[in-house]
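What follows is each chain in one-letter form.
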Amino acid sequence: MTIALGLVALVAIAVRVIRSLRRFARARTLVGDRVGDGVGLLKARSAALKVAFAERRPQEQARTRANPAYDRRGGGDRRITNG
């Protein structure tokens, strides 16, 4: 009789643990999905900003006073070279 009562209690505890684990797994999945969505949005925004900055930047910068690398008033071309 005691063994049967112990088995019933064990089954009841096992059922509760399994339910809790299922709830936890569902919550983990929801959190993972939301975090993944947020990361995806950040990556998309970052890529969009890179494109916007690239579009604003001229392809070949003009040799003007607006570009200090080509400002020859200070005594020569100040572009960095590997040599």
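Residues numbered from 1 in each chain as written. Predicted model: local features only at pLDDT ≥ 70, side-chain atom pairs only at ≥ 80, totals over all residues. Heavy atoms only, no water.

Asker: Pulling in residues and values, what's your account of the overall build of the protein chain?
Answerer: In terms of helices and strands, the protein chain carries one helix and zero strands. The 83 residues of the protein chain split such that 4% are buried. (Helix = DSSP H or I, 4+ residues; strand = E, 2+ residues; numbered from the N terminus. Buried < 20%, exposed > 50% of the residue type's maximum accessible area, 1.4 Å probe, protein only.)

Asker: Just give me the short version of a positive patch on the surface, but keep the residues and values in it.
Answerer: Taken together, Arg 16, Arg 19, Arg 22, Arg 23 and Arg 26 make up a surface patch of like positive charges. One can find Arg 16 in helix 1 (residues 2-56). Residue Arg 16 is classed as exposed on the basis of its relative accessible area, which comes to 64%. (Patch = residues over 30% accessible without salt bridge, like charges linked within 9 Å, V, L, I, M, F, W, Y side chains within 5 Å. Areas by Shrake-Rupley, 256 points an atom, 1.4 Å probe, with all protein chains shown as cover. Salt bridge = Lys/Arg side-chain N within 4 Å of Asp/Glu carboxyl O. Lys, Arg positive; Asp, Glu negative; His and termini not counted. Charge placed at Lys NZ, Arg CZ, Asp CG, Glu CD.)

Asker: Report on a nonpolar patch on the surface, specifying residues and quantitative values.
Answerer: A cluster of nonpolar side chains, namely Ile 3, Leu 7 and Leu 10, defines an oily patch on the protein surface of about 340 Å² accessible area. Looking at the secondary structure, you find Leu 7 in helix 1.

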